[in-house]
Amino acid sequence: MDGLPTAAQSPESEEPEPDSEEWEIPLPVWIGEEHVRFAVRALVLHVSDDEPTGPRCLWDEHPHPCRLARWGRRVLATRGLSDEAIDVVVRRADPYIDLTTLADEGSHQ
């Protein structure tokens, strides 16, 4: 892209590999309620859609789980939720859900 400053050029050549740790969205140092709400919303919006080429994110069409879906799961796991409890959160699709009630509920399903 001749004539464009480096910052204005497409970042595609500078992106890390999708499977690398650099590709992951970093977790905040402290995870508050607003992060939990964003994580739930990310998981609800970035669900899997089965395609002939494999599962894709319904929202952004990247391979599923996409970066935001992985970030959402990591945030909720950091708050102490099991994979089963996180699945309950996604099914309920409520960003204001009380996570303290799900810590035990997810393990019974």
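These numbers come from a predicted model, not from an experiment.

## Brief notes about unusual backbone geometry
Then comes step 1: That bond from His64 to Pro65 is cis: its omega, 5°, falls within 30 degrees of zero.
Then comes step 2: Here Pro65 lies in the loop between β2 (54–57) and α2 (67–78).
Then comes step 3: Positioned with a positive phi, Glu61 is a non-glycine residue whose angle comes to about 65°.
Then comes step 4: Of note, Glu61 is situated in the loop between β2 and α2.
Then comes step 5: Here Ala93, not a glycine, exhibits a phi torsion of approximately 55°, which is positive.
Then comes step 6: Tracing the backbone shows Ala93 in the loop between α3 (83–92) and α4 (102–105).
Then comes step 7: Its relative accessible area of 40% is what places Ala93 among the partly exposed residues.

## Topic: the packing of helix α1 (residues 33–45) against α2
Then comes step 1: Relative to each other, α1 and α2 sit at 135°, their axes nearing to 8 Å. Viewed along their axes, α1 and α2 adopt a mutual orientation that is oblique. Both α1 and α2 take part in a crossing whose hand is left-handed. Seen from α1, the contacting residues are His35, Val36, Phe38, Ala39, Val40, Ala42 and Leu43; seen from α2, they are Leu68, Ala69, Trp71, Gly72, Arg73, Val75 and Leu76.
Then comes step 2: For the contact of α1 with α2, the per-class residue count stands at 11 nonpolar, 2 polar and 1 charged.

## Side note on α1
Then comes step 1: If you check α1, its first and last C-alpha atoms are 18 Å apart, about what 13 residues at 1.5 Å a residue would give, namely 18 Å.
Then comes step 2: Residues of α1 that are buried: His35, Val36, Ala39, Val40, Ala42 and Leu43. Buried residues of α1, viewed axially, fall in a sector of 160°; they line one side. Set apart from the buried face of α1 by more than 90 degrees, the exposed residues are Phe38 and Arg41.
Then comes step 3: The inward-facing, buried residues of α1 contact α2 and α3.

## So, α3
Then comes step 1: Residues of α3 that are buried include every one of Ala85, Ile86, Val88 and Val89, and no others. On an axial view of α3, the arc spanned by its buried residues comes to 155°, and they lie on one face. Exposed and oriented more than 90 degrees from the buried face of α3 are Asp83 and Arg91.
Then comes step 2: The first or second residue beyond α3 is Ala93, which carries a positive phi of 55°.

## Some points on the pairing of β2
Then comes step 1: In terms of strand pairing, strand β1 (residues 48–51) meets β2 through 4 bridges, oriented antiparallel. Residue pairing in the sheet places Ser48 in a bridge with Cys57 of β2.
Then comes step 2: Hairpin connection from β1 to β2: 2 residues lie between these consecutive antiparallel strands.

The rules behind each value
Residues numbered from 1 in each chain as written. Predicted model: local features only at pLDDT ≥ 70, side-chain atom pairs only at ≥ 80, totals over all residues. Heavy atoms only, no water. Helix = DSSP H or I, 4+ residues; strand = E, 2+ residues; numbered from the N terminus. Buried < 20%, exposed > 50% of the residue type's maximum accessible area, 1.4 Å probe, protein only. Axes fitted to C-alpha atoms, helices over the stretch in contact; angles between N-to-C directions. Parallel < 35°, antiparallel > 145°, perpendicular 65-115°, else oblique. Left-handed = near helix turned anticlockwise from the far one by under 90°. Contact = heavy atoms within 4.5 Å. Nonpolar A, V, L, I, M, F, W, Y, C, P; charged D, E, K, R; others polar. Expected span 1.5 Å × (residues − 1). Arc of directions from axis to C-beta. Pairing = 2+ DSSP bridges.

Any functional reading would require information that these geometric values do not contain.
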